[in-house]
Amino acid sequence: MFFISAFHVCVTDGNCADKPVFTPSRLVVKFGDPTSAKCLVCQHACLNNTYGLEKSVGVRTINGTTISWEVDSLTEWDISPMCYYTGDDNNQCCSTLPVTVYQPPKNVGFSFLNHAGPMTVDHLYTLQCHVQEVAPVGNLNVIFYQGQTELGRLQSNNTEKTPVTETFTLDITPSKEDDGVEYWCEAKLDLGPEGPQPPPVVESGKLSATVYYEPQLKGSSHPDLITVTKGDRLQLNCSAVGNPSPSYNWTLPSASGSPFSDDILTIESVTLEHKGQYICSVHNNIGTVTVKFNVDVKGEFKVLSFSVFRVVIVRATAVLLSHSSGEFDVTSMNFLFKMVLVLSLV
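My aim in this report is to walk through the structure given alongside it, one point at a time.

Cut-offs applied
- Within every chain, residues take consecutive numbers counted from 1 along the sequence as written.
- Since the coordinates come from a predicted model, pLDDT governs what is reported: local features require at least 70, and pairs of side-chain atoms require 80 or more to be given and counted, while whole-chain, interface and lining totals use all residues.
- Heavy atoms throughout the structure, all of them, feed into the side-chain values; hydrogens and water do not.
- In this description, strands pair whenever DSSP reports at least two bridges between them.
- Secondary structure elements are taken from DSSP: a helix is a run of H or I of four residues or more, a strand is a run of E of two residues or more, and numbering for both begins at the N terminus.
- The set of buried Ala, Val, Leu, Ile, Met, Phe, Trp, Tyr and Cys residues whose side-chain atoms join them within 4.5 Å is what this entry labels a nonpolar core.
- Relative accessibility thresholds used throughout: buried, under 20% of the residue-type maximum; exposed, over 50%; partly exposed, between the two (1.4 Å probe, protein chains only).
- For the purposes of this analysis, a disulfide is any pair of cysteine sulfur atoms at a distance within 2.5 Å.

## Let's talk about the sheet that holds strand 23 (residues 240-243)
Inference 1: Here three strands make up an open sheet; going across it, the order is 12-20-23 and the pairing mixed. Each edge of the open sheet is held by one strand with a lone partner, namely strand 12 (119-120) and strand 23.
Inference 2: Here strand 20 (residues 211-217) runs beside strand 23; their pairing, made up of three bridges, is antiparallel. Across the sheet, Gln216 pairs through a bridge with Val241, a residue of strand 23.

Right under this line is the structure:
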């Protein structure tokens, strides 16, 4: 058996059937942590040949054809231990141990790109997630959230193995339903089944969004004709929601009184002068919406009871008899009808 420590380049012959085998077959190590692996150089083919394990850090221990490798604190980002031997035909058999050295993000920040303050509905905005000092960044998943709803997931195409700082962006177009929701992001380092479980996750802070939108009416913008009787109460509802909170301006028919500035217009006792069109204008600094109410006012009618109506008929008949000597002619009948009509309005 021979062991040499010179550096070798692993170029494995395609006919090498008895290759060295590492246990575990892959290492995932947090920067600065200890680690170890073993290499079974061969089963039979290398018993009388030159073999060894190349490494840049750590200690190796040989026990027959098994070589152990141990590191107290792994502080190299790019490392690939190689186990090898040279066969009787001078062909080289070798295997390289894949080692991933990782570092979770030191900090994750969240912000809006080139924007501060309220957003406006249907405008385009860019979210950005700033991930500091993470390795390897190619294994990083950055996830954007609105509340608990995932908006998008991004990855880097950077193959750098040492820690890097990178910013990820995602475009959004807010709606009025997004007013008050929280936006944030998280950075998840997914290192596969050999890595830590669950994967390391670092969350950003959360930003509460204010979304400005034009007034939205609670009722119809084209209400039907409103008919009200003279002396009754009239109420017109122009309520709306908006951000910022909307203001109200009413345009009333002529001679209808003082202007109103509330969402609900109330007239306790309408008169014929209140007939006409009422225009409600609802506005904020994003937009304006208008509602037109058409109001018709009917005259007041008095309904007589049967006893009152009977008195009216008796009185009218007495008057007629006194003028017509007990005989009814057409003129008398017309006079009776007019009397009934006049007395019913009293």
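## Considerations on the nonpolar core
Inference 1: In terms of nonpolar packing, the biggest core is built from 28 residues, with Val131, Leu140, Phe144 and Tyr183 touching the most fellow members.
Inference 2: Of all elements in the fold, only strand 11 (107-112), strand 13 (125-134), strand 14 (140-146), strand 16 (164-172), strand 17 (182-189) and strand 20 reach the threshold of two or more residues within this core.
Inference 3: With five residues, strand 13 is the largest single contributor of residues to this core.
Inference 4: The next biggest cluster of nonpolar side chains, apart from the first, holds 24 residues, and it includes Phe22, Tyr51, Ile79 and Leu97.

## Focus on unusual backbone geometry
Where the residue is not glycine, phi is negative for most of them; where a peptide bond is considered, it is trans in most cases.
Inference 1: Going from Thr23 to Pro24, the amide bond is cis rather than trans, its omega being -5°.
Inference 2: Position of Pro24 relative to the elements: it lies in the loop between strand 2 (21-23) and strand 3 (27-30).
Inference 3: The omega torsion of the bond from Gln197 to Pro198 falls at -5°, within 30 degrees of zero and hence cis.
Inference 4: Even without glycine at this site, Asn114 takes up a positive phi of about 55°.
Inference 5: Looking at where Asn114 falls in the secondary structure, it is placed in the loop between strand 11 and strand 12.
Inference 6: The class for Asn114 is exposed, based on a relative accessible area of 75%.
Inference 7: A positive phi angle, near 50°, is found at Glu133, a position not held by glycine.

## Quick word on the state of the cysteines
Inference 1: Following the criterion strictly, the structure yields three disulfides and no others.
Inference 2: One disulfide bridge connects Cys129 with Cys185, the sulfur atoms lying 2.1 Å from each other. Its S-S torsion of about 75° marks the bond between Cys129 and Cys185 as right-handed, since a negative value means left-handed. Taken together, the residues span a long stretch of sequence, with Cys129 in strand 13 and Cys185 in strand 17 at a distance of 56 residues.
Inference 3: The class of Cys129 is buried, set by a relative accessible area of 0%.

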